Amino acid sequence: MKNLDRYLRYEVDLEKHEASMREQMARKENQSMGVAKTEGLGQLKATIPAREYFRWHQSHRGCWSDKSFVKEFLRDNPSFKAKSLGKKSFSGKSFKAA
């Protein structure tokens, strides 16, 4: 029983460490990508490691197509969120109805 407890603690610590490493890699990738915008595809919103993606997908089918889930996920995991463009504003002449 003592060995089982030690093994489980080791695995939990290892999982936490690996999750931290994946988070750091995602943060680094997001910083190197910058504001990545591709014509026709849109703008990069996040970099989510495959392990996290499939774990959530496995426990909550279809969660990634739910906009509120994605919003909450990125709120809780800001390191996966990519840089975003500032809000667009119109800076030309204003048009008034005659």
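In what follows, the structure referred to is the one given above.
All figures in this text were calculated on a predicted structure; none of them were measured in a lab. (Residues numbered from 1 in each chain as written. Predicted model: local features only at pLDDT ≥ 70, side-chain atom pairs only at ≥ 80, totals over all residues. Heavy atoms only, no water.)

**Q** Help me out: how do you make sense of the side chain of Ser 79 in this one?
**A** Within the secondary structure, Ser 79 sits in the segment after helix 3 (67–76). Under the relative-accessibility criterion, Ser 79 is labelled buried at 9%. (Helix = DSSP H or I, 4+ residues; strand = E, 2+ residues; numbered from the N terminus. Buried < 20%, exposed > 50% of the residue type's maximum accessible area, 1.4 Å probe, protein only.)

**Q** I keep staring at helix 3 and nothing clicks. Help me out?
**A** An α-helix turns once every 3.6 residues. As a result, residues three or four positions apart point the same way. Restricting attention to buried positions, one finds in helix 3 the residues Phe 69, Phe 73 and Leu 74. The buried residues of helix 3 all sit within an arc of 130 degrees when viewed along its axis, so they share a single face. Those residues of helix 3 that are exposed and angled more than 90 degrees off the buried face are Lys 67, Lys 71 and Arg 75. On its buried face, helix 3 sits against helix 2 (50–59). (Arc of directions from axis to C-beta. Contact = heavy atoms within 4.5 Å.)

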